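An overview of the molecular structure
Residues per chain, in single letters:
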Amino acid sequence: MSERTSTEAPASGGDAAIAEVGDDFQTAFWSAKHALAHAAATAFARHGVYEGQQFVLRCLWREDGLSPGEIARRLGLSTPTVTRAATRMAAAGLLRREPHPTDRRLVRLTLTDRGRDLEKVIDEETHRLTERALAGFGPAERTALVAALTRIRRNLTAT
């Protein structure tokens, strides 16, 4: 039996699940992503918005009436992923699925009053969550972090 290294998770869950991550990028990134997803789920669920739906809403706040395919392209997701989210969001009263005016094969997603009314609330939750996540980071560090994350995404999506 070998000893656990500092990058391996201990057997118990919770905060202790990720031990010292050292310079293990993937473990550090995963644990930060997981913590952010959990905090976001908690913040947005209070308003009836669930994992990832805030990004669909954000697209529609900028340009209402997009198709699931257009939203998928903008978010870097598959169309079926957006379609499933839209189905749940329609059931929750956040948006409506309407026939496309010129292509009967497509649907457009349009915000309901409830979905439109959430813009300010979700923006405020997003701001609070960002401030909480980046507490202690100065302006230059924040800019560098966003630039680094953008570069990572580009590196991983380049063809």
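Residues numbered from 1 in each chain as written. Predicted model: local features only at pLDDT ≥ 70, side-chain atom pairs only at ≥ 80, totals over all residues. Heavy atoms only, no water.

Regarding its fold elements, the chain presents six helices and two strands. Overall, the chain shows an N-to-C arrangement of helices and strands of α-α-α-α-β-β-α-α. Counting all 159 residues of the chain, 24% fall into the buried class. Sequence-distant contacts in the chain: of pairs separated by 6 or more residues, those separated by 24 or more amount to 41%. As presented, the chain carries roughly 11,100 Å² of accessible surface, and 55% of it is formed by carbon and sulfur atoms. (Helix = DSSP H or I, 4+ residues; strand = E, 2+ residues; numbered from the N terminus. Buried < 20%, exposed > 50% of the residue type's maximum accessible area, 1.4 Å probe, protein only. Contact = heavy atoms within 4.5 Å. Areas by Shrake-Rupley, 256 points an atom, 1.4 Å probe, with all protein chains shown as cover.)

Moving on: the layout of surface pockets. Here the largest pocket is characterised by a volume of approximately 2,000 Å³. If you go around the largest pocket, you meet 42 residues; those closest to its centre are F29, K33, L36, F55 and L149. Looking at the lining of the largest pocket, the elements that each hand over two or more residues are α1 (25-45), α2 (53-62), α3 (68-75), α4 (79-91), α5 (113-133) and α6 (139-157). For the lining of the largest pocket, the leading source of residues is α1, giving nine residues. Taken together, the residues that form the lining of the largest pocket break down as 26 nonpolar, nine polar and seven charged. (1 Å grid on protein atoms, 1.4 Å probe; cavity = no way out; pocket = protein on both sides within 12 Å on 5 of 7 lines; lining within 4 Å. Points joined across faces, edges and corners; volume = space filled by probe spheres on them. Nonpolar A, V, L, I, M, F, W, Y, C, P; charged D, E, K, R; others polar.)

Looking now at the pattern of salt bridges. One pass over the full model with this rule turns up nine salt bridges. Taking the shortest distance from any N to any O, the salt bridge between R142 and E131 comes out at 2.9 Å. With R142 in helix α6 and E131 in helix α5, this residue pair connects regions lying eleven residues apart in the sequence. Under the relative-accessibility criterion, R142 is labelled partly exposed at 22%. (Salt bridge = Lys/Arg side-chain N within 4 Å of Asp/Glu carboxyl O.)

With that settled, the discussion passes to the packing of α2 against α5. Two elements in contact, α2 and α5, have axes whose closest approach is 10 Å; the angle formed by their N-to-C orientations is 120 degrees. The pairing of α2 with α5 is recorded here as oblique in orientation. Read as a crossing pair, α2 and α5 show a hand that is left-handed. Taken together, the residues of α5 that come into contact with α2 (itself represented by Q54, L57, R58 and W61) are G115, R116, L118, E119, I122, D123 and T126. (Axes fitted to C-alpha atoms, helices over the stretch in contact; angles between N-to-C directions. Parallel < 35°, antiparallel > 145°, perpendicular 65-115°, else oblique. Left-handed = near helix turned anticlockwise from the far one by under 90°.)

You can see T112 is positioned in the loop between β2 (107-111) and α5. Side-chain polar atoms of T112 contact the backbone nitrogen of G115, separated by 3.1 Å. Residue contacts for T112: discarding those within four places in its chain leaves G93, L94, L95 and R96. (Polar contact = N/O pair within 3.5 Å; in protein donor to acceptor, adjacent residues only side chain to side chain.)

Per-residue confidence for the chain gives a mean pLDDT of 87, with 86% of residues at or over 70. Across the chain, α2 holds the top mean pLDDT of 97, while α1 sits lowest at 93. Note that pLDDT drops below 50 for residues 1-14; the model gives that stretch 18 contacts with residues more than four away or on any other chain. (pLDDT = per-residue confidence, 0-100.)

Our next topic: the nonpolar core. Among the nonpolar cores identified, the biggest contains 22 residues, and V49, L60, I71 and L95 are the most heavily contacted of them. With five residues, the top contributor of residues to this core is α2. Sequence-distant contacts of I71, that is, excluding residues within four places in its chain, are made with V56, C59, L60, L66, V82 and L109. (Core = buried A, V, L, I, M, F, W, Y, C linked by side-chain atoms within 4.5 Å.)

Of all ten residues that make up α2, seven are buried, and the element is covered over most of its length. Listed in full, the buried residues belonging to α2 are Q53, Q54, V56, L57, C59, L60 and W61. For α2, the elements touching its buried residues are α1, α3, α4, β1 (95-99), β2 and α5.

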